[in-house]
Amino acid sequence: MLLSLQLYSARNATPYADVIARLGALGYDAAEGFGGNFDDPRATRAALDAAGLSMPSIHVALEMCENDPDGVAELAGVLGATRIFAPFLMPEDRPTDAVGWREIAARLARCHAAMAARDLAFGWHNHDFEITPLTDGSVPMEILLEAAPMIDWEADIAWIVRGGGDPLDWIARHGQRITAAHFKDIAPEGEKADEDGWADAGTGTLDWPAILAALKTQSACEILVAEHDNPNDFDRFARTARDSFAKL
């Protein structure tokens, strides 16, 4: 399993070329790109090559996947990415009922077909809102996985917990859809308010020994992506996540 790091975590520690160099020095295998890395993808690729890193997965907005699949394929080709994950819906774009989520699933299915035609894997990356049941009792993530059975899933483990779910249960039921997972953690109640309640991966309240064991034995996960949504010290987080993964 590759150890990667989502570069969104480093948005306050740029320039990204320096961040990527530091990740290489820390022994990471890979980095996961997002929109902030796409303005000059060739420069990003040069930084990756210099650091000895790969970028097997990238986060690309759903609208770009729908409207410019050739552009996505070109971007992936430059960066060396083979897995595309659509990462987010703005609050105003999130359906409030099962019918709306089935429409999102249909859009994801069409994106999958477009990416597959270009030899790219495609899937969804969750936050908490897909895990929390709707007023009718349906669960958006269940709808996406059922109504778009061809798509992959990059499971953000800590967001599953924040959405009220049990990651071990989700892995047991849907592990074969999980081709990548986010390695992140939640601080104890009331702690690390300046970091939005997140903890460095492997140091918080999640049972990462059990979760990683489940990912290894019950899922198709190939990439573990360290992430912290708001670290007050990026280098500390990156070192700690690397050390936690090594201990696991």
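First things first, this report covers the structure right here in the doc.

What counts as what
- Residues numbered from 1 in each chain as written.
- Predicted model: local features only at pLDDT ≥ 70, side-chain atom pairs only at ≥ 80, totals over all residues.
- Heavy atoms only, no water.
- Helix = DSSP H or I, 4+ residues; strand = E, 2+ residues; numbered from the N terminus.
- Buried < 20%, exposed > 50% of the residue type's maximum accessible area, 1.4 Å probe, protein only.
- Pairing = 2+ DSSP bridges.
- Axes fitted to C-alpha atoms, helices over the stretch in contact; angles between N-to-C directions.
- Contact = heavy atoms within 4.5 Å.
- Parallel < 35°, antiparallel > 145°, perpendicular 65-115°, else oblique.
- Left-handed = near helix turned anticlockwise from the far one by under 90°.
- Nonpolar A, V, L, I, M, F, W, Y, C, P; charged D, E, K, R; others polar.

Another aspect to go through is unusual backbone geometry. Where the residue is not glycine, phi is negative for most of them; where a peptide bond is considered, it is trans in most cases. A cis amide bond links Thr14 with the next residue in sequence, Pro15, at an omega value of 15°. In this fold, Pro15 is placed in the loop between strand S1 (2–5) and helix H1 (16–26). With phi around 60°, Asp119 is a residue other than glycine that occupies positive phi space. With respect to the helices and strands, Asp119 occurs in the loop between helix H5 (98–116) and strand S4 (121–125). At Asp196, a position not held by glycine, the phi torsion is positive, near 60°. As for its placement among the helices and strands, Asp196 is situated in the loop between strand S7 (185–186) and strand S8 (198–199). On the basis of relative accessibility, which here comes to 45%, the residue Asp196 falls in the partly exposed class.

Moving on: the sheet that holds strand S3 (residues 83–86). The strand order S1-S9-S6-S5-S4-S3-S2 describes an open sheet built from seven strands, whose pairing is parallel. Edge positions in the sheet fall to S1 and strand S2 (57–59), since each of these pairs with one other strand and no more. Strand after strand, the sheet turns through a mean of 25° between neighbouring axes, direction not considered. With respect to the sheet, helix H10 (residues 234–247) is in contact with S1, strand S6 (178–183) and strand S9 (223–226), its orientation differing from that of S1 by roughly 165°.

Bringing the packing of H5 against helix H6 (residues 140–147) into the picture now. Where H5 meets H6, the closest approach of the two axes is 9 Å, and the angle between their N-to-C directions is 45°. The orientation of H5 with respect to H6, classified from their angle, is oblique. Relative to H6, the crossing made by H5 is right-handed. Residues Ala98, Trp101, Arg102, Ile104, Ala105 and Leu108 of H5 pack against Pro140, Ile143, Leu144 and Ala147 of H6. Classifying every residue of the contact of H5 with H6 gives nine nonpolar, no polar and one charged.

These figures come from the coordinates and say nothing about function on their own.
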